[in-house]
Amino acid sequence: DTGVSQDPRHKITKRGQNVTFRCDPISEHNRLYWYRQTLGQGPEFLTYFQNEAQLEKSRLLSDRFSAERPKGSFSTLEIQRTEQGDSAMYLCASSLAPQGVDGYTFGSGTRLTVV
Amino acid sequence: DAKTTQPPSMDCAEGRAANLPCNHSTISGNEYVYWYRQIHSQGPQYIIHGLKNNETNEMASLIITEDRKSSTLILPHATLRDTAVYYCIVRVLMDSNYQLIWGAGTKLIIKP
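In this text the structure is predicted, and so the values were computed from the model without any measurement.

Some points on the overall build of chain B
Part 1 of the reasoning: Per the secondary structure count, chain B includes zero helices and 10 strands.
Part 2 of the reasoning: If you list the helices and strands of chain B from N to C, you get β-β-β-β-β-β-β-β-β-β.
Part 3 of the reasoning: In terms of overall dimensions, chain B is globule-like: its C-alpha atoms have a radius of gyration of 14 Å, near the 13 Å expected for 112 residues.
Part 4 of the reasoning: Overall size of chain B, expressed as C-alpha extent along the three principal axes, is 45 × 30 × 25 Å.
Part 5 of the reasoning: Here chain B, with 112 residues, has 45% of them falling under the buried criterion.
Part 6 of the reasoning: Across chain B, every contact between residues at least 6 apart in sequence was considered, and the portion connecting residues at least 24 apart equals 55%.
Part 7 of the reasoning: Element-wise, carbon and sulfur atoms account for 49% of the exposed surface of chain B, whose accessible area totals about 5,700 Å².

Points about the state of the cysteines
Part 1 of the reasoning: All told, the structure shown has two disulfides over all chains when counted by the stated rule.
Part 2 of the reasoning: The disulfide partner of A:C23 is A:C92, and the gap between their sulfur atoms is 1.9 Å. One disulfide, between A:C23 and A:C92, carries an S-S torsion of -70° and so falls in the left-handed class. Highlighted residues: A:C23 in strand β3 (residues 19-24) and A:C92 in strand β9 (residues 88-95), separated in sequence by 69 residues.
Part 3 of the reasoning: Residue class for A:C92 comes out buried when judged on its relative accessible area of 0%.
Part 4 of the reasoning: Disulfide partner of B:C22: B:C88, at an S-S distance of 2.1 Å. Taking the sign of the S-S torsion, about -80° here, the bridge from B:C22 to B:C88 comes out left-handed. Of this pair, B:C22 sits in strand β2 (residues 18-23) while B:C88 sits in strand β8 (residues 84-94), and the two are 66 residues apart along the sequence. In terms of burial, B:C22 and B:C88 fall into one category: buried.

Observations regarding the sheet that holds strand β8 (residues 75-79) of chain A
All names here are of chain A.
Part 1 of the reasoning: The sheet built from four strands is open, its strands ordered β1-β3-β8-β7 with antiparallel pairing. Looking along the sheet, the strands with just one partner apiece sit at the ends: β1 (5-7) and β7 (65-68). Neighbour-to-neighbour, the strand axes of this sheet turn through a mean angle of 15°, independent of strand direction.
Part 2 of the reasoning: Where β3 lies against β8, five bridges are found, and the strand directions are antiparallel. The partner of C23 across the bridge, within β8, is S75.

Focus on the packing of aromatic side chains
Part 1 of the reasoning: This structure, assessed with the given rule, holds 15 aromatic pairs over all chains.
Part 2 of the reasoning: When the centroid spacing of 5.0 Å and the interplanar angle of 15° are considered together, the rings of A:Y33 and A:Y48 count as stacked. A residue pair is termed long-range when its members are at least 10 positions apart, and A:Y33 in strand β4 (residues 31-37) and A:Y48 in strand β5 (residues 44-50) qualify at 15 residues. Taken individually, A:Y33 and A:Y48 each receive the classification buried, so the pair is uniform in this respect.
Part 3 of the reasoning: Centroid distance A:F106 to B:W102: 5.8 Å. Interplanar angle 85°. Geometry classified as edge-to-face. Taken together, the residues A:F106 in strand β10 (residues 105-106) and B:W102 in the loop between β9 (97-101) and β10 (106-111) connect one chain to another. The pair formed by A:F106 and B:W102 is uniform in burial state, with each residue classed as buried.
Part 4 of the reasoning: Grouping aromatic residues by their ring pairs yields a cluster made of A:Y33, A:Y35, A:F45, A:Y48, A:Y104, A:F106, B:Y32, B:Y34, B:Y36, B:Y46, B:Y87 and B:W102.

Calculation rules
What you see as residue numbers is a count from 1 along each chain, following the sequence as written. Numbering of ligands from 1 and lettering of chains from A proceed in the order in which they are written. This being a predicted model, a pLDDT of at least 70 is required before a residue's local features are given, and a value of 80 or more before pairs of side-chain atoms are given or counted; all residues contribute to the totals for chains, interfaces and linings. Only hydrogens and water are removed before side-chain values are computed, so all heavy atoms of the structure are retained for them. Segments assigned H or I by DSSP are reported as helices when at least four residues long, segments assigned E as strands when at least two residues long, and all are numbered from the N terminus. Radius of gyration here is computed from C-alpha atoms only, and the compact-globule reference equals 2.2 Å multiplied by the residue count raised to the power 0.38. Each residue is placed in one exposure class: buried if its accessible area under a 1.4 Å probe, protein chains only, is under 20% of its type's maximum, exposed if it is over 50%, and partly exposed if it falls in between. Between two residues, a contact is recorded if the distance between any of their heavy atoms is within 4.5 Å. Every accessible area reported is derived by Shrake-Rupley at a probe size of 1.4 Å, with residue values counting cover from the shown protein chains alone. Cysteine sulfur atoms are paired as a disulfide whenever they come within 2.5 Å of each other. By definition, two strands form a pair when at least two bridges between them are found by DSSP. Only C-alpha atoms enter the line fits that serve as axes; for helices the fit covers just the stretch in contact. Angles between N-to-C directions range over 0 to 180 degrees. Two rings belonging to Phe, Tyr or Trp (six-membered ring only in the last case) form a pair when the distance between their centres is within 6.5 Å. Interplanar angles under 30 degrees mark stacking, angles over 60 mark edge-to-face geometry, and anything in between is tilted.

Written out as structure tokens, the structure is:
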């Protein structure tokens, strides 16, 4: 296992289109997190899964955003009707210990550009 | 809102110890301090975390003041590959779940 994988690394889309990102966590990690990071800022929490259950959603996660983790393994983040303000790096992280006590392992992120 | 304050940038000479300060004056008694770093175009990398006691691992040392209002991350022998943005983060309990609240970090540049 080489860590947390995210696909694609880069995505350019036209405003109004839908996009979907995938995250494959470390296989034995049952906790999975999505973050968004804009230029010059630290990551902002979006949502959190424990196994297949989505336990927490940030107010940043508008109705156009949806995340799933159907079998408790990989996760997808979909953005519908993209807007220019959605342009950011979308990061996925996973952890084994409760509440990430031992630190999260992050993927390299998906950089979204909405034109 | 971030619960930490860090200088926006710092320089350090290669081979020297890099000391990165962080203020977290509003930290609560059960809130951990975490440090991550992010090298350009990569995801954040976990470095170390602590609650009250000083901590050391293969990457760094974390010194937390007795009143817990500030801490210092020490990279003992900085190399050029340590150039990155370093984030000091407080783990807080929000809506029955712990979250890491990130600030803007310190851009550390290691110079040859």
